[in-house]
Amino acid sequence: MTADTTPDRLTRLLLEQAGVRGVHVRLDDTWAQIRARAEYPDDVAELLGEAVAASALFTGHVKVDGRLSVHLRGSGALRTLFAECTGAGTLRGIATLAEGELPGAHSLGSLGADAVLAITIENPGVRGQEPARYQGLVGLDADVLEEGGLSAAFEGYFRQSEQLPTRLLLAASGERVAGLMLQRLPGDEGDLDGWERASALFETLAAPELLEIPAETLLHRLFHEDGVRLLGDKPLRFACSCSRERVSSMLESLGEAEARAAADDNAGVAEIRCEFCGETYRYAAEEIAALFSLRPAHLEAPERLQ
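Residues numbered from 1 in each chain as written. Predicted model: local features only at pLDDT ≥ 70, side-chain atom pairs only at ≥ 80, totals over all residues. Heavy atoms only, no water.

So, on to the nonpolar core. In this structure, F58, L72, L117, F154 and Y283 are the most contacted members of the largest nonpolar core, which totals 66 residues. When residues in this core are grouped by element, the largest group, eleven residues, is from helix 2 (residues 42–59). Those residues in contact with Y283 that lie beyond four places of it in its chain are R244, V247, S248, L251, G268, V269, A270, I272, I288 and L291. Residues L182, W195, I213 and L219 belong to the second largest nonpolar core, which totals 20 residues. (Core = buried A, V, L, I, M, F, W, Y, C linked by side-chain atoms within 4.5 Å. Buried < 20%, exposed > 50% of the residue type's maximum accessible area, 1.4 Å probe, protein only. Helix = DSSP H or I, 4+ residues; strand = E, 2+ residues; numbered from the N terminus. Contact = heavy atoms within 4.5 Å.)

With that settled, consider the packing of aromatic side chains. Counting across every chain of the model gives four aromatic pairs. Between F58 and F154 the ring centres are 5.2 Å apart and the planes differ by 75°, which places this aromatic pair in the edge-to-face class. Taken together, the positions of F58 in helix 2 and F154 in helix 3 (residues 142–161) put the pair 96 residues apart, joining distant regions of the chain. Each member of the pair F58 and F154 is classed as buried. (Phe/Tyr/Trp six-rings, centres within 6.5 Å; stacked < 30°, edge-to-face > 60°.)

Within helix 1 (residues 29–36), burial applies to T30, W31 and I34. Along helix 1, the residues classed as buried sweep out an arc of 95° about the axis, all on the same side. If you follow the buried residues of helix 1, they end up packed against strand 2 (20–27), helix 2, strand 5 (90–97), strand 9 (177–184) and strand 11 (237–238). (Arc of directions from axis to C-beta.)

Below, the structure written as structure tokens:
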């Protein structure tokens, strides 16, 4: 098999002898585009980069026809880490801080004691059915967040939700993010000590190596004795799923009075900026009126533009 040589890609792998499957992700240009769309402190950017890598990793672990999102939220100085990867291989992400951010309060533990991790899969409906939505939700232990970071948080998520042994390493720098995930295959596949052997080899991998060494070289170096097999590559890129249609739906859900007020407060033009990509959508007063003449029903307002 000829491997895809583009830097931004997802690689699936199998350690058949050990009964272990895995996914490797590396992002250069995609990460540069996500980071360029907002000003983040370096430590927050690093956490966001790891979350972005994780969202891509997980699409190589389960079937995703729509989109998979990783969402960590809390009430501390760091309020939100959100990353999303679609079945088509497009990614976006965002982080939010509390107002009046505190110096040195940008570790993962600063999500606070009430931190929650949600992984959500949304797949389109078939044959006219409603879209299918699956969500796993777990609370996060503050000590785990401080000591093990995002990798430990996600390992704990899989331990609780899927009850399958899982190892995860995430790494981020200003120029690149990368991730490697191993999971024991369900059932009795592989030899008796296959998982322990793969885990011991995984433990030898450090974040700088994960960032610097190309996927094929890294995976062969770690797992050549188990006959690592690459199952396929998928290119990854930045893209946002916002659109004028979605923004129009959001304005309709706000209600006519609020939509008109947004225009009145801004010289007669409502401006809605996507938090993920920075695209600004503008609606003149007559366009807002047309929206509500076509669809007058009131819907519940979403928290933010999706």
